[in-house]
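One-letter residues, chain by chain:
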Amino acid sequence: MTIEVFLDDTPGELRAVVERDGRPEHILIERPDDVPQIRLGARSVARVRQSAPGLKGAFVDLGGGQDAFMPIRSGVSAPVGAKVEVEISAERREAKAPVARWLGAGQGEIRLLAAGPTLMQTLAILAPGVEPVTGRDAIEAGWRAVDEAQAMGDLAQVERTRAMITVDVDLNAHDMGRARPRDETNRLALREAARRIRLNRWGGLVAVDLIGTQHDGKAILAALKAAFGDDPAIVHGPVNRFGVLMLSLPWRRTPLEEILYADARRRILRPEQAAQEAVRRLRFALLEDTTRARVRLCVAPGLATAVTPLVAQLGPRAHLKTDDGLRAGDFVVEAE
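### Digging into the packing of aromatic side chains
Consideration 1: Applying the stated criterion across every chain yields a total of two aromatic pairs.
Consideration 2: In this structure, Arg281 is placed above the aromatic ring of Trp143, and the distance from its NZ or CZ to the ring centre is 3.8 Å.

### Some words on the layout of surface pockets
A water-sized probe rolled over the atoms picks out the places where empty space is left.
Consideration 1: The computed volume of the largest pocket comes to approximately 1300 Å³.
Consideration 2: Lining of the largest pocket is provided by 42 residues; of these, Glu25, His26, Leu126, Ala194 and Arg198 occupy positions nearest its centre.
Consideration 3: Considering every element that reaches the lining of the largest pocket, the biggest residue donor is helix α4 (residues 182-200), with seven residues.
Consideration 4: When grouped by side-chain class, the residues that make up the lining of the largest pocket number 20 nonpolar, six polar and 16 charged.
Consideration 5: One number sums up the size of the second largest pocket: a volume of about 840 Å³.
Consideration 6: Together, 32 residues line the second largest pocket, and Arg31, Asp33, Asp34, Ile259 and Glu272 are the ones closest to its centre.
Consideration 7: The element that contributes the greatest number of residues to the lining of the second largest pocket is helix α7 (residues 271-288), accounting for four residues.
Consideration 8: For the lining of the second largest pocket, the per-class residue count stands at eleven nonpolar, eight polar and 13 charged.

### Remarks on the environment of Leu123
Consideration 1: When you line up the elements, Leu123 lands in helix α1 (residues 119-126).
Consideration 2: Placed 116 residues apart in sequence, Leu123 and Leu7 show a C-alpha to C-alpha distance of 9.8 Å.
Consideration 3: Here Leu123 is in contact with Val5, Leu7, Ala16, Val18, Leu28 and Pro128, once residues within four sequence places are set aside.

### Notes on the pairing of strand β7 (residues 83-90)
Along any regular strand, the residues point their side chains to alternate faces of the sheet.
Consideration 1: The sheet contact formed by strand β4 (residues 43-52) and β7 spans five bridges and is antiparallel. The partner of Arg43 across the bridge, within β7, is Glu87.
Consideration 2: Summarising the sheet, β7 and strand β8 (residues 99-105) pair through six bridges and their orientation is antiparallel. Note that in β8 the partner of Glu85 across the bridge is Gly104.

### Concerning the side chain of Ser44
Consideration 1: If you trace the backbone, Ser44 turns up in strand β4.
Consideration 2: Judged by its relative accessible area of 1%, Ser44 falls in the buried class.
Consideration 3: Not counting the four nearest positions on each side in its chain, Ser44 is found in contact with Gln37, Leu62, Val84, Glu85, Val86, Arg111, Leu112 and Leu113.

### Focus: the sheet that holds strand β12 (residues 204-209)
Consideration 1: If you trace the five strands from one edge of the open sheet to the other, you get β10-β11-β12-β14-β13, paired in mixed fashion. Each edge of the sheet is formed by a strand with only one pairing partner; in this case those strands are β10 (156-160) and β13 (235-236).
Consideration 2: In this sheet, β12 lies alongside strand β11 (residues 165-169) in parallel orientation, the contact comprising four bridges. Across the sheet, the residue bridging to Thr166 is Ala207, located in β12.
Consideration 3: Against the sheet, α4 engages β10, β11, β12 and β14 (244-249), with an angle of about 35 degrees to β10.

### Some details on unusual backbone geometry
Backbone phi values are negative for most residues with the exception of glycine, while trans is the configuration of most peptide bonds.
Consideration 1: Positive phi, normally seen in glycine, also occurs at Lys56, with a value near 55 degrees.
Consideration 2: Of note in the backbone geometry, Arg267 takes a positive phi value of approximately 55 degrees without being a glycine.
Consideration 3: If you trace the backbone, Arg267 turns up in the loop between β15 (261-263) and β16 (268-269).
Consideration 4: Classification of Arg267 by relative accessible area gives partly exposed; the value is 37%.

Calculation criteria
- Residues numbered from 1 in each chain as written.
- Predicted model: local features only at pLDDT ≥ 70, side-chain atom pairs only at ≥ 80, totals over all residues.
- Heavy atoms only, no water.
- Phe/Tyr/Trp six-rings, centres within 6.5 Å; stacked < 30°, edge-to-face > 60°.
- Lys NZ or Arg CZ within 6 Å of the ring centre and 35° of its normal.
- 1 Å grid on protein atoms, 1.4 Å probe; cavity = no way out; pocket = protein on both sides within 12 Å on 5 of 7 lines; lining within 4 Å.
- Points joined across faces, edges and corners; volume = space filled by probe spheres on them.
- Helix = DSSP H or I, 4+ residues; strand = E, 2+ residues; numbered from the N terminus.
- Nonpolar A, V, L, I, M, F, W, Y, C, P; charged D, E, K, R; others polar.
- Contact = heavy atoms within 4.5 Å.
- Pairing = 2+ DSSP bridges.
- Buried < 20%, exposed > 50% of the residue type's maximum accessible area, 1.4 Å probe, protein only.
- Axes fitted to C-alpha atoms, helices over the stretch in contact; angles between N-to-C directions.

Put into structure tokens, the structure is as follows:
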């Protein structure tokens, strides 16, 4: 298995992609304005703000206007006002607050005790010893990974709704009419589904509609563990009589589409992400042709404020122009 790492250090955002055998599996994003208290793995002293017995937990104040939901297991006392030490086990998603794992009683003021692992530290775990590729190739790898995360796929069509993730395995699409054994196709589809789910940073309930019925339970379990890993937080059931495999994956990171898009279906970027993408396109143009003395980024007025300090970090060849003729969120890169 070949592992490659691509690291795009564009002003405003550090983006990394991990590829295995030429296919992207992980996208990591780190920004200077990330709130450290709610990043995965951050440890804090928090105060219990509100009890939520119906949810078997409580909401805790992390400081700086940041809250998290803390599940409370049997035997743990966390009355309103108590100080607790917690660790973020799941980042914010949709309208849900981050989830904080109870570590013990807290002491002193509400404060951050330790930031979560940085992007570079996470890369060292995912791809130890692999030297990152930078520059144009890294930018293009990031674009490819985002495009692939949004694609439907043919062997395994993976879709997320508010309730669950569905995986539809299609023998005909994969084999184009040839007779590949059913079990092998199901195994390959599980691997592809796991890759796509990791790439999108999803969790929750997953339903996999396998090909056929009356499956070999041990073989499916082995294929499941090979595809998704042996994380003890993954819970799965047997394949039911309809040939559907159910499993539950832990939520950890904010889903990719929630970071990038205001409207994921139409691929409309968030305003701050549109500004970031404009700067990334400008940087790519600068790297693509180093002989040009000036490369200009033209943006709609609404992007100018966010883009200006980032363009300034690209050096004297990078220039910015506000164009009233562009629609909100649009930009154009021009070489001079």
